[in-house]
Amino acid sequence: MKISVDRVISRLEEIYECGRQADGTHARVAYSPEDQRGRKVFADYFGSLGIPVRQDEAGNLIAYIEGEEELPSILIGSHLDTVIDGGKYDGALGCVAGLEVAETLKRAGRKLRHPLEVVVFTDEEGIRFGNGMFGSAAFCQVPMEELSEEDMDIYGRTRGEVLKEYGVVLKDAIRAERMPETVHCMLELHVEQGKILEDHQKPLGVVSSIAGVRRYEVTLTGEANHSGSTQMRHRKDALVGAAGLISSLPGIVREHGNEFSVATVGYIQAWPNAVNVIPGMCRFQLEIRDQEESVMDRLESLIHDRLEENCRKEGLDFSMRLYDAHVPGNMNAELKETIQSVCEAGQIDYEILPSGAFHDSLLLCGRFPTGMIFIPSIGGISHSPMEKSGREDIERGCQVLLDTVLRLDKKEGQIS
Ligand code: GLV
Ligand code: MN
Ligand code: MN
């Protein structure tokens, strides 16, 4: 049974176009009208195949295809929301690949023993409220009590208001819980978003683990004052303190982390943000990621100490508040072996590699046997309109996904 790469590519294009912005960029930021349009187009593909799609209490879209037997389901899932000015593949590939598996089976008249469910998880990227994987967190009962209806998004709208447009009520999202015994396994196909496969000239990756992530809101407070008349020795410049810390991050991580450790400041605000006023306050979001918790602990403490030292020198007060944290996750060993044996049968060269990006699978792997397949990202670029993967790699990834599903469907009993 062969998947159709033409179908996959034309659907990726069509969903991408749902995010076209007035300035020519593309984005389907979670909960936005563009995101909703993409989800509608996606659900309609299933509709035209006569496959029902429902939305659960957390806004996850779930297409359900009955199995021959009363067995737990095989899940294929990813996300359709994107970053601002994003690309065509991050998330969408995994969803469209799930649809392609369902459609290929349907066209071949082949029914699986297990039910097959294709899931689009809500708000994986976390662009609006700063914490991602909303839908998979609810699915997996990851505690959500720190989320509030009053949380403000980057556009100044509350979580309650935004969720309402999606038909979701925050306090009910937890009812999207999925019991482990109802799931045979979960599979996600994704673009690598890094350069390991390309550098090693491997056409496919079998994911071993997904990096944990910690996010902090850092606030530095100094004194706003006149930029012309305040001599350098009298200043308490919050932005200078922030800049010092940010520029020290690469050195701290290189010296005390490992090859996969990363620290990033990607969002920063300064007040009053005027050309002739010394910044009195600066706030930024800091992120640390690693495959090992102990490394994240070490980096957190070193960064905190450096911040304290910089602020002392600059006469600033500061706070560093952890607002989102996920431990690293391991993919299921039996699923990894199954994907590897599918590759070996098809003479596909592969690499076993960790994921630096997070995915819904980071939460799902804590509750269900979960496996991830990567295809190469050209130039290792992602979270960018330049994101691209080759046609052959897309075809190979989708075919390995289908063949893995067929093998796992034959498996009797639980995946250990
Ligand atoms: C999601 O793509 C992330 O890793 O931030
Ligand atoms: Mn993604
Ligand atoms: Mn992403």
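Our structure's up above, just so we're on the same page.
The numbering scheme is per chain: residues are counted from 1 as the chain's sequence reads. To label them, take the chains in the order written and letter them from A, then take the ligands in the order written and number them from 1. For a predicted model such as this one, the threshold for reporting local features is a pLDDT of at least 70, and the threshold for listing and counting side-chain atom pairs is 80 or more; totals across whole chains, interfaces and linings nevertheless cover every residue. With hydrogens and water set aside, each side-chain value is computed from the structure's full complement of heavy atoms.

Trainee: Outline the coordination of the manganese ion (ligand 2), supporting the account with residue identities and numerical values.
Mentor: Sites may look incomplete, because water is not among the atoms used; the donor set itself consists of N, O and S atoms within 2.8 Å of the metal (3.2 Å for Na, K and Ca). At the metal site, the manganese ion (ligand 2) is ligated by His-79 (NE2), Asp-90 (OD) and His-190 (NE2), and these contacts range over 2.0 to 2.2 Å. Positions of the donor residues of the manganese ion (ligand 2) along the chain correspond to the pattern H-x10-D-x99-H. Between the two metal centres, the manganese ion (ligand 2) and the manganese ion (ligand 3), the spacing is 3.6 Å, with Asp-90 acting as a shared donor. Here the residue His-79 occupies a position in strand 3 (residues 73-79), and Asp-90 occupies one in the loop between strand 3 and helix 3 (92-107), the gap between them amounting to 11 residues. With relative accessibility at 0%, the residue His-79 sits in the buried group. Elements are defined by DSSP. Helices are runs of H or I of four residues or more, strands are runs of E of two residues or more, and each kind is numbered from the N terminus. Exposure is judged per residue with a 1.4 Å probe applied to protein chains only, and the accessible area is read against the type maximum: over 50% gives exposed, under 20% gives buried, and values in between give partly exposed.

Trainee: I'd love a proper account of the coordination of the manganese ion (ligand 3), names of residues and values included.
Mentor: In this structure, Asp-90 (OD), Glu-125 (OE), Glu-125 (OE) and His-383 (NE2) serve as the protein donors to the manganese ion (ligand 3), at separations of 2.0 to 2.6 Å. Each donor residue of the manganese ion (ligand 3) lies on the same chain, and together they follow the pattern D-x34-E-x257-H.

Trainee: Please provide a residue-by-residue account of the site of ligand 1, values included.
Mentor: Being near a molecule or strand, for a residue, means having at least one of its heavy atoms within 4 Å of it. Around ligand 1 sit Glu-124, Glu-125, Arg-215, Arg-289, Ala-357, Phe-358 and His-383, and that is every residue in its neighbourhood. Counting of polar contacts relies on pairs of N or O atoms within 3.5 Å, with two restrictions inside protein: one atom must be capable of donating a hydrogen and the other of accepting it, and residues adjacent in sequence are counted only when both atoms are side-chain atoms. At 2.7 Å from an oxygen atom of ligand 1 is found a side-chain nitrogen or oxygen belonging to Arg-289. In this structure, an oxygen atom belonging to ligand 1 sits 3.2 Å away from a side-chain N or O atom of His-383. Methods summary: accessible areas were calculated by the Shrake-Rupley approach with a probe of 1.4 Å, and residue burial reflects only the protein chains presented. Across the complex, the protein chains shield 94% of the 200 Å² of accessible surface that ligand 1 would expose by itself. Polarity classes work like this: nonpolar for Ala, Val, Leu, Ile, Met, Phe, Trp, Tyr, Cys and Pro, charged for Asp, Glu, Lys and Arg, and polar for all others, with Gly in that last group. Considered class by class, the residues forming the shell around ligand 1 number two nonpolar, one polar and four charged.

Trainee: Tell me about the side chain of Glu-124, and name the residues and values.
Mentor: Following the sequence through the fold, Glu-124 ends up in the loop between strand 4 (116-121) and helix 4 (134-139). Within the buried set, Glu-124 has no salt-bridge partner at all; the shortest N-O distance to an opposite charge, 7.4 Å, is to Arg-289. Among the polar contacts made by the side chain of Glu-124, one reaches the side chain of His-79 at a distance of 3.3 Å. With near-sequence residues (within four places) excluded, Glu-124 lies in contact with His-79, Asp-81, Gly-132, Met-133, Phe-358, His-359 and Asp-360. Here the positive residues are Lys and Arg and the negative ones are Asp and Glu; neither His nor the chain ends is included. A carboxyl oxygen of Asp or Glu within 4 Å of a side-chain nitrogen of Lys or Arg is what we treat as a salt bridge. Any two residues having at least one pair of non-hydrogen atoms within 4.5 Å are treated as being in contact.

Trainee: Which residues make up the pairing of strand 2 (residues 61-65), and what values go with them?
Mentor: Regular strands place their side chains on alternate faces of the sheet. For two strands to count as paired, DSSP must find a minimum of two bridges between them. Here strand 1 (residues 53-55) pairs with strand 2 via three bridges, running antiparallel. Bridging from a neighbouring strand, Arg-54 pairs with Ile-62 of strand 2. Remark: five residues form the turn of the hairpin made by strand 1 and strand 2, two consecutive strands paired antiparallel; Gly-59 in that turn has positive phi of roughly 85°. As paired elements, strand 2 and strand 4 share five bridges and run antiparallel to each other. Its bridge partner being in strand 4, Tyr-64 is matched across the sheet by Glu-117.

Trainee: Could you give an account of the sheet that holds strand 11 (residues 281-290), naming the residues involved and the relevant values?
Mentor: Picture the strands of a sheet paired through backbone hydrogen bonds; they go either parallel or antiparallel. Read across the sheet, four strands follow the order 9-11-7-12 without closing on themselves; strand pairing throughout is antiparallel. Looking at the sheet topology across the chains shown, the edges are occupied by strand 9 (262-271) and strand 12 (317-326). If you compare each strand with its neighbour and ignore which way they point, the axes differ by 15° on average. With 10 bridges connecting them, strand 7 (residues 212-221) and strand 11 associate as antiparallel partners. Paired with Thr-221 across the two strands is Met-281, which belongs to strand 11. Each axis is a line fitted through C-alpha atoms, taken for helices only over the stretch in contact, and angles between the N-to-C directions span 0 to 180 degrees. Of the strands in this sheet, strand 7, strand 9 and strand 11 are in contact with helix 7 (residues 238-256), which crosses strand 9 at around 175°.

Trainee: So what's going on with the packing of helix 1 (residues 5-17) against helix 11 (residues 391-410)? Residues and values would help.
Mentor: The interhelical angle for the contact between helix 1 and helix 11, taken along N-to-C directions, is 110°, at an axis separation of 10 Å. Here helix 1 lies roughly perpendicular to helix 11, going by the angle between them. For the pair helix 1 and helix 11, contact is made by Val-5, Asp-6, Val-8 and Ile-9 and by Arg-391, Ile-394, Glu-395 and Cys-398, respectively. Broken down by class, the residue content of the contact of helix 1 with helix 11 amounts to five nonpolar, no polar and three charged. For this classification, under 35 degrees means roughly parallel, over 145 means roughly antiparallel, 65 to 115 means roughly perpendicular, and everything else is oblique.

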